[in-house]
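# A closer look at the structure
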Amino acid sequence: MSDERVRHELDQLKAGIIDLYTEEELVKKMTRFHKEGKPMIVKAGFDPTSSDIHLGHTVLMNKMRQFQDLGHRVAYVVGDATAMIGDPTGRNKTRKVLTRDEILEHAKTYATQAFKILDPQKTEMVFNSTWLFKLDFIKLIDLTSKYNVARMLEREDFKNRFKSGDSISVHEFLYPLAQGYDSVALKSDVELGGTDQIFNLLVGRKLQADYGQEPQVVMTVPLLVGLDGVQKMSKSYGNYIGVTEPADSMFAKVMSISDDLMWSYYELLTTVPVEEIAAMKNGIANDTVHPRDCKVNLALFITARFHGEPAAREAKENFYRDVPSNLAEYAVTLPDGGLPLIDLIVQLGFTESKGDARRMLQQGGVYIDANKVSDAALKITSKDSFVLKAGKKKIGRVNFS
RNA sequence: GGAGAGGUUCCCGAGUGGCUAAAGGGGGCAGACUGUAAAUCUGUUGUCAUACGACUACGGAGGUUCGAAACCUCCCCUCUCCA
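The text that follows walks through the structure, step by step, so that each part is easy to find. (Residues numbered from 1 in each chain as written. Chains lettered and ligands numbered in written order. Predicted model: local features only at pLDDT ≥ 70, side-chain atom pairs only at ≥ 80, totals over all residues. Heavy atoms only, no water.)

## Observations regarding the overall build of chain A
Here is the rule: In this text, helices come from DSSP runs of H or I with a minimum length of four residues, and strands from runs of E with a minimum of two, each type numbered from the N-terminal end. Residue contacts are counted whenever heavy atoms from the two residues lie within 4.5 Å of one another. In these tables, accessible area is a Shrake-Rupley quantity obtained with a 1.4 Å probe, and a residue counts as shielded only by the protein chains included in the view.
Looking only at helices and strands, chain A has 17 helices and 13 strands in total. Dimensions of chain A along its principal axes, counting C-alpha atoms only, are 75 × 55 × 40 Å. For chain A, the proportion of contacts with a sequence separation of at least 24, taken over those separated by at least 6, is 69%. Surface exposure of chain A reaches about 20400 Å², of which carbon and sulfur atoms provide 53%.

Quick look at the structure:
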């Protein structure tokens with residue numbers, strides 16, 4: 001019966017979800033969908049302050065895709081208006097204000113990346129400036145009157161900042177309200193977000209009720225921890241793997257995570273069944289399985305997802321080779337008097353400054369064709385091409401002309 | 001509006017006239033070890049210069065001084081308490 005079907009779909013949707021407010025309401029909406037055929041509007045917002053989608057986003061997008069596969073529609077909200085506030089996480093004290101063009105540009109590249117996962121036929125991309133910029137002063141006052149400061153201060157970071165005496169600007173209170181108002185404007189049935197979004201998502205519920213709508217169901221997905229193993233994956237922390245990154249670097253980055261972190265990547269980014277993951281853990285515990293091999297498989301899985309199997313295998317081979325096969329190539333003009341190695345390193349962008357380059361050289365991090373170079377004053381005089389390696393990650397073939 | 005405390009290098013944070021490119025920690029980078037992991041250890045961490053050294057930097061603008069991150073004036077910003 002239809003009940004069965006709803007039950008089954010519910011299990012699917014609940015998989016990997018942290019918070020769900022509330023299950024009853026979700027069931028009600030799903031049942032209605034099956035009876036009346038009107039798809040749910042599943043909302044998720046994205047901040048267009050950067051243009052790259054990384055693996056952290058994909059956790060959320062997979063869930064969105066699931067809803068689409070069950071026949072629902074996704075409202076992909078580009079937070080161009082809310083970006084002007086910046087989600088008050090307390091760390092972005094001076095957030096760079098983006099121009100209109102930059103935001104549109106970001107939204108565009110964002111979308112093409114998003115559709116590696118989402119179904120474009122069932123996705124509406126909307127900009128929240130469409131309705132937020134139309135709020136006049138009267139309506140804004142009305143909106144702000146629907147929430148009070150005490151409740152606002154319940155939000156974790158507001159609370160902390162208030163307690164520790166850091167500044168909170170009044171306009172930051174507008175962020176949750178604006179995001180909540182998005183839900184009102186879209187009449188969303190479900191809103192998805194990371195666990196750090198829970199407060200904002202719940203504001204949406206309250207506001208919808210205040211505006212006489214049926215409140216949205218709120219679901220959160222776990223945050224993916226970034227490569228550093230500490231903070232959530234985020235572009236601003238530089239601990240991310242972008243979905244458009246080359247296979248080689250994607251593979252290498254996965255390999256660089258800690259063994260502990262590997263498990264949450266398995267759970268959040270792969271379809272490997274939990275039993276298998278448990279088996280791997282067991283194997284490692286009794287020394288029959290090497291953790292490195294588990295990580296290689298993880299890296300293969302993730303790389304293959306965005307680049308296909310063959311590319312993933314090639315990335316693996318490159319990873320174990322001293323010199324990758326598809327090495328970056330650099331064309332350099334050799335000046336008459338020769339080119340100091342230090343200058344070359346800077347010129348290739350391997351280090352930021354000459355001092356940095358010199359340091360790296362002195363510390364033994366520079367190799368030419370697999371031979372360590374320690375002479376900081378070395379000058380390149382011959383036009384023979386060679387492979388230059390500076391540090392662990394910077395490597396390339398240099399061709400002179 | 002009143003009173004007080006502050007703004008230091010990527011971050012936190014010491015420094016109250018020359019010994020300060022500025023302690024300490026975090027982070028970053030490099031090296032050792034390893035599994036091109038983590039943890040640990042070592043080194044390093046403003047720019048230019050082979051080097052001597054030069055330049056830039058302690059919220060902003062002026063000033064005092066042979067010499068200022070430090071002292072004075074004004075301004076900007078943050079926080080706390082009072083109204």
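Additional details are given in the paragraphs that follow.
## Quick look at the nonpolar core
Our working definition: Throughout, nonpolar core names a set of buried Ala, Val, Leu, Ile, Met, Phe, Trp, Tyr and Cys residues whose side chains join them through atoms within 4.5 Å. Any residue under 20% of the maximum accessible area for its type is buried, any over 50% is exposed, and the rest in between are partly exposed; the area is computed with a 1.4 Å probe on protein chains only.
Ranked by size, the top nonpolar core spans 63 residues in total, and within it Met-64, Tyr-76 and Tyr-265 carry the most contacts. Excluding anything up to four places from it in sequence, Tyr-265 contacts Leu-224, Val-225, Gly-226, Leu-227, Met-233, Ile-257, Thr-270, Leu-298 and Ile-302. Listed in part, the 21 residues of the second largest apolar core include Val-77, Val-126, Met-152 and Tyr-181.

## Some words on the pairing of strand E13 (residues 394–400)
Test applied: When DSSP finds at least two bridges between two strands, those strands are taken to pair.
In this structure, strand E7 (residues 329–332) lies alongside E13, joined through four bridges in parallel fashion. Among the inter-strand pairings, Glu-329 is bridged to a residue of E13, identified as Arg-397. Bridging between strand E12 (residues 386–390) and E13 involves five bridges; their strand directions are antiparallel. Residue pairing across strands places Val-387 opposite Arg-397, the latter belonging to E13. If you look at the hairpin formed by E12 and E13, you'll find three residues sitting between the two strands, and Gly-391 has a positive phi there, around 80°.

## What to know about the packing of aromatic side chains
Here is the rule: Two aromatic rings, drawn from Phe, Tyr or Trp (for Trp, its six-membered ring), form a pair once their centres lie within 6.5 Å of each other, and the interplanar angle then sorts them: stacked below 30 degrees, edge-to-face above 60, tilted otherwise. We call a charge positioned over a ring when the NZ of a Lys or the CZ of an Arg lies within 6 Å of the ring centre and within 35 degrees of the ring normal.
Inspection of the entire model under this criterion finds ten aromatic pairs. Where Tyr-181 meets Tyr-211, the ring centres are 5.8 Å apart and the plane angle is 75°; that geometry is what we call edge-to-face. Note that Tyr-181 is positioned in helix H9 (residues 174–186) and Tyr-211 in the loop between helix H10 (198–210) and strand E6 (217–221), a separation of 30 residues in sequence. The structure contains a cluster of three or more aromatic residues connected by ring pairs, namely Phe-46, Tyr-76 and Tyr-110. Over the aromatic face of Phe-158 sits the side chain of Arg-155, whose NZ or CZ is 5.1 Å from the ring centroid. We note Lys-253 situated over the ring of Tyr-240; from NZ or CZ to the ring centre the distance is 5.3 Å.

## Brief notes about the sheet that holds strand E2 (residues 41–46)
What the six strands build is an open sheet, ordered E1-E6-E5-E2-E3-E4; its pairing is mixed. Looking at strand neighbours, the two that pair on one side only are strand E1 (20–21) and strand E4 (123–127), the edges of this open sheet. Judged from the six bridges that link them, E2 and strand E3 (residues 73–78) form a sheet pairing that is parallel. By the bridge assignment, Val-42 is partnered in E3 with Val-74.

## Observations regarding the sheet that holds E7
As summarised here, the arrangement of the five strands in space is E7-E13-E12-E9-E10, forming an open sheet in which the pairing is mixed. Where the open sheet ends on each side, the last strands, each with one partner, are E7 and strand E10 (371–372). Sheet topology note: the strand E9 (residues 366–368)/E10 ladder contains two bridges and is antiparallel. Residue pairing for E10: Ile-368 is matched across the bridge by Asn-371.

## Quick notes on the protein's contact with RNA strand B
The cut-off we apply is this: Proximity criterion: a residue is near a molecule or strand once any of its heavy atoms comes within 4 Å of it. Here a polar contact is recorded for every N or O atom pair within 3.5 Å, except that within protein the pair must consist of a potential hydrogen donor and a potential acceptor, and residues adjacent in sequence are included only if both atoms are side-chain atoms. Throughout, the ten residues Ala, Val, Leu, Ile, Met, Phe, Trp, Tyr, Cys and Pro are labelled nonpolar, Asp, Glu, Lys and Arg are labelled charged, and all others, Gly among them, are labelled polar.
Around RNA strand B, 30 residues are found, and the nearest of them are Gly-165, Ile-257, Phe-319, Ser-353 and Lys-354. The sugar-phosphate backbone supplies 71% of the atoms of RNA strand B found within 4 Å of the protein. Contact distances for RNA strand B include 2.9 Å between a base nitrogen and a side-chain N or O atom of Asp-259. For RNA strand B, a phosphate oxygen lies 2.4 Å from a polar atom in the side chain of Lys-354. Elements supplying a minimum of two residues to the surface near RNA strand B: helix H14 (291–307), helix H15 (309–320) and helix H17 (354–362). When grouped by side-chain class, the residues that make up the surface near RNA strand B number seven nonpolar, twelve polar and eleven charged.

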